[in-house]
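Structural overview for review
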Amino acid sequence: MTNLTGIGASVLRKEDRRFLAGRGTYVADIKRPDMTFGVFVRSPHAHARIKAIDLTAALVLPGVVAVFTGDDLKRDGVGGIPCGWCVTGKGGVPMKEPSHPALAQGKVRHVGDAVAFVVADTIANARDAAAAVAIEYEVLPAVASVLSALKVGAPVVFDEIPDNICYEWDLGDREATEAAFKNADHVARVKLINNRLVGNPMEPRAAIGEYNQATAQHTLWTTSQFPHIVKLLMGNFVLNIPQHKLRVVAPDVGGGFGVKQFHYAEEAVVTWASAKVGRPVKWVCERSEGFVSDAHGRDHVTEAELALDAVGKFLGLRVRTIANMGGYLSTFGPNIPSYLYGPLLAGVYTTPAIYCEVKAVFTNTLPVDAYRGAGRPEATFVLERLVDIAAKEMRIDRVELRRKNTIPKTAYPYKTPVLVEYDNGDPLSCLEKVLVVADWSGFSKRKAESERRGKYRGIGLCTFAEACGLAPSRIAIRLGARGGLFESATVRVHPTADITVLMGTHNHGQGHETTFAQIVSEKLGVPADRVEIVFGDTDKVQFGLGTYGSRSLAVGGSALLKATEKVVLKGKKIAAHMLEASESDIEFRAGVFSVAGTDRRKSFQEIALSAHFPINYPLEVLEPGLEEQAFYDPVNFTFPSGAHVAEVEIDPETGVVTLVNYVAVDDVGTVINPMIVKGQIHGGLVQGIGQALCEACVYDDISGQLLSGSFMDYCMPRADDIPMMHAETLSTACTHNPLGVKGCGELGTIGAPATVINAVVDALAHLGVTHVDMPATPSHIWGIINNAGSLKLPSRTRNA
Ligand code: MCN
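Conventions adopted
Residues numbered from 1 in each chain as written. Predicted model: local features only at pLDDT ≥ 70, side-chain atom pairs only at ≥ 80, totals over all residues. Heavy atoms only, no water. Helix = DSSP H or I, 4+ residues; strand = E, 2+ residues; numbered from the N terminus. Contact = heavy atoms within 4.5 Å. Areas by Shrake-Rupley, 256 points an atom, 1.4 Å probe, with all protein chains shown as cover. Lys, Arg positive; Asp, Glu negative; His and termini not counted. Charge placed at Lys NZ, Arg CZ, Asp CG, Glu CD. Buried < 20%, exposed > 50% of the residue type's maximum accessible area, 1.4 Å probe, protein only. Pairing = 2+ DSSP bridges. Polar contact = N/O pair within 3.5 Å; in protein donor to acceptor, adjacent residues only side chain to side chain. Phe/Tyr/Trp six-rings, centres within 6.5 Å; stacked < 30°, edge-to-face > 60°. Lys NZ or Arg CZ within 6 Å of the ring centre and 35° of its normal. Salt bridge = Lys/Arg side-chain N within 4 Å of Asp/Glu carboxyl O. 1 Å grid on protein atoms, 1.4 Å probe; cavity = no way out; pocket = protein on both sides within 12 Å on 5 of 7 lines; lining within 4 Å. Points joined across faces, edges and corners; volume = space filled by probe spheres on them. Nonpolar A, V, L, I, M, F, W, Y, C, P; charged D, E, K, R; others polar. Right-handed = clockwise from strand over helix to strand, strands pointing away.

This next bit is on the overall build of the chain. The number of helices and strands found in the chain is 21 helices and 28 strands. Taken along its principal axes, the extent of the C-alpha atoms in the chain is 90 × 75 × 55 Å. Of all intrachain contacts in the chain linking residues separated by at least 6 positions in sequence, the fraction that spans at least 24 positions is 80%. Carbon and sulfur atoms provide 54% of the accessible area of the chain, an area that totals close to 29200 Å². Treating the 79 positive side-chain charges of the chain as one cloud and the 87 negative ones as another, the clouds have centres 2 Å apart.

Put into structure tokens, the structure is as follows:
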């Protein structure tokens with residue numbers, strides 16, 4: 001760190017000044033002249049044929065401007081919502097990709113499927129009219145779980161896909177893995193469910209469409225993590241709007257967690273409807289509407305086996321997963337249980353043979369797509385449950401078993417048997433550090449103390465590797481991405497040396513306005529508060545792929561670094577001219593350009609001013625102005641890794657699991673802002689702990705009704721569920737990006753579910769419990785304790 005606001009400084013988040021004062025601008029805050037309000041009429045049925053839609057009663061209600069249905073979209077040639085990733089399955093068979101109309105046509109395929117869109121002059125009038133839309137349905141048998149959807153004779157979600165299978169995909173070397181199992185001394189097995197989740201960002205989704213008849217210009221304000229991609233997908237594939245006639249703005253966004261990184265039907269409908277009615281149209285999602293219209297996460301059923309030799313060396317891993325795709329394919333849906341899952345099954349281990357098969361299955365449920373971690377928490381959960389089970393069965397200490405199989409620091413770069421090559425890492429140091437910080441060796445004392453109070457205590461450990469920093473285009477496109485995954489940045493230096501940075505990433509809680517300003521501060525020697533970070537507006541920002549997959553720093557930050565380097569190069573040219581020296585003699589350090597070996601110098605401010613007052617510039621070799629742009633596409637993902645420890649206490653009388661301690665040690669490469677990294681890890685941990693202990697999105701398998709459709713039934717973790725957590729970092733620099741950084745945004749959700757459940761199982765191990773599916777709610781745990789036979793309470797409690 002060369003200055004107080006540069007790389008490595010715990011600078012307070014600049015953006016919090018407006019957020020904490022209630023001065024953010026969210027889509028719901030935006031008012032456009034003559035604005036109308038839209039309400040979607042959604043299906044109450046999971047699966048039904050639409051026999052008739054009668055709009056008569058709705059259209060005559062006060063203030064109603066229009067009511068649209070799928071037929072109106074069809075007549076206007078509006079396309080279906082496209083999928084952004086095509087997975088090619090076994091034998092080169094491409095995934096099945098049924099159409100996804102923005103308003104249902106002929107059939108509804110999940111509860112909440114949008115059937116009609118009402119536009120009125122007030123939201124109250126729009127709601128009244130929505131209630132008056134009469135839809136006649138022929139209710140069809142529905143299926144919500146993947147296992148039921150695969151049964152012979154199961155209800156068929158798409159007539160043209162009679163087996164409900166989207167794709168059957170595999171990864172790894174089947175023969176080598178089978179050979180490993182033949183040679184194994186021990187095979188550990190687990191069957192598990194990765195529970196379905198609802199993202200629930202603090203701000204529900206919202207969208208406003210506006211059409212300017214004079215210029216034929218469309219504008220969409222939307223709660224998106226990637227406005228440029230919405231512009232491309234919606235403009236090009238759905239509404240046929242030329243790109244130069246479409247502006248997409250994603251202003252302040254109150255959290256996304258993946259849920260806002262898809263192109264949603266509602267965005268296309270408001271944009272199209274605003275042109276139809278000639279007035280802006282605003283839709284703001286209700287919280288309970290979000291439960292039936294935001295894409296969900298996870299929902300896997302898995303069987304996995306780990307083959308070991310007599311001393312506990314991992315020989316092979318075999319995984320079979322069935323993943324729920326829901327009723328339509330969401331933007332990245334097919335990619336999550338395939339390429340964001342299979343390659344992560346290697347974890348931090350030297351397992352020589354891995355084979356993974358995934359069946360992706362359509363059901364009458366909401367589409368399933370990325371939710372923080374996306375595929376990687378699922379893979380880590382499978383692997384780390386298996387490692388604990390193997391340790392128990394083989395009577396090998398679980399720490400020792402992990403140590404024995406962890407990739408040593410000296411083995412990097414390390415090619416796994418499942419596609420990826422880790423460039424750098426030191427997972428053993430993470431493991432050793434977490435054991436010390438969590439006082440692993442002192443656990444038995446704490447357990448005894450809990451037992452004296454009649455409680456079961458358990459400690460859990462998980463080590464994992466992550467692939468993030470999504471990019472790289474060259475790999476992603478080969479694997480099915482229908483677009484590049486690079487990133488871009490423009491650095492605009494004003495005459496006063498104030499700086500505006502235009503970023504292709506999108507900040508919706510990650511602190512980019514602070515950390516990206518820190519990078520500029522470090523590289524150009526200006527204070528961070530003289531740097532403004534602009535994002536989220538396709539008319540301002542050149543192009544960008546947005547924020548997800550913990551990519552913004554590794555990919556966007558690297559583009560920014562490149563752009564600052566170009567600014568320095570240009571600055572050197574200007575300095576050479578001003579100082580009458582050779583450009584090659586100009587040095588730049590801490591905001592000062594100087595002629596090497598002399599005291600002749602010009603400050604960054606003087607150079608910025610000169611660039612805009614170019615007296616005597618040799619114009620044939622030196623252009624005025626100081627603005628540079630860079631695009632960056634890495635050669636590989638970044639691979640953070642981590643080791644987490646959780647300690648839980650269980651009340652055997654009630655089944656309540658109390659998380660009493662959590663320690664995370666994560667390798668995130670170079671750290672730009674330690675405070676923000678810590679905050680990101682804490683946030684991810686709470687979401688991972690939520691999945692482990694309380695969150696569950698539940699459908700009735702026969703009716704397809706969503707049983708957990710509000711916060712009354714869907715339990716989010718609260719502050720008093722979470723102990724003071726310790727998050728520490730280690731830094732082995734990423735070898736291929738210029739900052740040496742690795743992502744940190746998803747580490748918590750990846751490590752926490754396995755860590756917490758391993759602790760819960762440990763606490764219940766004396767009852768013969770070997771696995772607990774998530775979430776470990778009180779009723780679930782109470783049932784397990786009771787089914788385990790007589791309640792084996794610690795002796796003090798029995799006597800009490
Ligand atoms: N950072 C750093 N040093 C590092 C790594 C990161 O200082 N070595 C900083 C970055 O500069 C950035 C933040 O930490 O300010 C997160 O960076 P990164 O890991 O690159 O992740 P992204 O910015 O791409 O954010 C995406 C990630 C994901 S995938 C989800 S989901 C998620 C998350 O971040 N959703 C969030 N964190 C969230 N936090 C909030 N508040 N809200 C969400 O919706």
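The element strand S26 (residues 641–650) is largely enclosed, with a buried count of ten among its ten residues. Residues Ser 641, Ala 643, Val 645, Glu 647 and Glu 649 point to one face of S26 and Gly 642, His 644, Ala 646, Val 648 and Ile 650 to the other, with burial holding for every one of them. When strand S18 (residues 456–465) meets S26, the two strands line up antiparallel, connected through ten bridges. Residue Ala 465 lies in a different strand from S26, and its bridge partner there is Ser 641. Judged from the ten bridges that link them, S26 and strand S27 (residues 657–667) form a sheet pairing that is antiparallel. Across the sheet, the residue bridging to Gly 642 is Asp 666, located in S27. Hairpin connection of S26 to S27: six residues between the antiparallel strands, including Gly 655 at a positive phi of 80 degrees.

Time to look at the sheet that holds strand S2 (residues 48–54). Pairing is antiparallel in the open sheet, where three strands are placed in the order S4-S2-S6. Each end of this open sheet is capped by a strand with a single partner; those strands are strand S4 (107–108) and strand S6 (134–139). Bridge count between S2 and S6: six bridges; the pairing is antiparallel. The partner of Asp 54 across the bridge, within S6, is Ala 134.

Moving on: the side chain of Ser 708. If you trace the backbone, Ser 708 turns up in the loop between helix H18 (674–693) and strand S28 (725–730). Of the polar contacts made by the side chain of Ser 708, one reaches the backbone oxygen of Ala 696; its length is 3.5 Å. Within the local environment of Ser 708, its side chain forms a polar contact with the backbone nitrogen of Val 698, the two atoms lying 2.8 Å apart. When residues no more than four places from it in sequence are discounted, the contact partners of Ser 708 are Phe 291, Ala 696, Cys 697, Val 698, Asp 713 and Tyr 714.

We now examine the packing of aromatic side chains. Under the counting rule described, the total for this entry stands at 21 aromatic pairs. Geometrically, the ring pair formed by Phe 291 and Phe 711 is edge-to-face, given 5.6 Å between the ring centres and 80 degrees between the ring planes. With a gap of 420 residues between them, Phe 291 in helix H9 (residues 287–291) and Phe 711 in the loop between H18 and S28 connect regions that are remote in the sequence. Each residue in the set Tyr 412, Tyr 422, Phe 637 and Phe 639 is aromatic and connected to the rest through ring pairs, giving one cluster. The ring of Tyr 264 is capped by Arg 205, whose NZ or CZ atom sits 3.5 Å from the centre of that ring. Note that Arg 318 overlies the ring of Phe 181, its terminal NZ or CZ placed 4.0 Å from the centroid.

Where charged atoms from two side chains of opposite charge come close, those side chains can pair. This model, assessed by the stated rule, comprises 45 salt bridges. Between Lys 573 and Glu 583 there is a salt bridge whose closest N-O contact spans 3.8 Å. Here Lys 573, found in helix H16 (residues 552–579), pairs with Glu 583, found in the loop between H16 and strand S22 (586–589); they are ten residues apart in sequence, far enough to count as distant. Taken together, the salt bridges that share partners define one network made up of Asp 439, Arg 446, Glu 449, Arg 453, Arg 457, Glu 647 and Glu 649.

On inspection of all chains with the given rule, the structure shows four cavities of 30 Å³ or more. The residue makeup of the lining of the largest cavity, split by class, is 14 nonpolar, seven polar and four charged. Considering only enclosed or pocket space, the second largest cavity measures out at about 50 Å³ in volume. What lines the second largest cavity is Arg 298, His 300, Ala 323, Asn 324, Met 325, Gly 333, Ile 336, Pro 337, Val 368, Asp 369 and Glu 378. If one sorts the elements of the lining of the second largest cavity by residue count, strand S14 (residues 314–326) sits on top with three residues.

Further remarks concern the side chain of Glu 746. If you trace the backbone, Glu 746 turns up in the loop between S28 and helix H19 (747–764). Of note is the side chain of Glu 746, whose polar atom sits 2.7 Å from the side chain of Arg 376.

Let us now look at the pairing of strand S10 (residues 217–222). Most of S10 is tucked away, with six of its six residues classed as buried. Going residue by residue along S10, you find Gln 217, Thr 219 and Trp 221 tucked away on one face and His 218, Leu 220 and Thr 222 tucked away on the opposite face as well. Here strand S9 (residues 206–212) pairs with S10 via six bridges, running antiparallel. From the neighbouring strand, Asn 212 faces S10, where its bridge partner is Gln 217. The hairpin turn running from S9 into S10, its antiparallel successor, is four residues long, and Ala 216 in that turn takes a positive phi close to 55 degrees. As defined by bridge partners, S10 adjoins strand S11 (residues 246–249) across four bridges and the pair is classed as parallel. From the neighbouring strand, Thr 219 faces S11, where its bridge partner is Arg 247. Crossover handedness for the path S10 to helix H7 (residues 227–238) to S11: right-handed.

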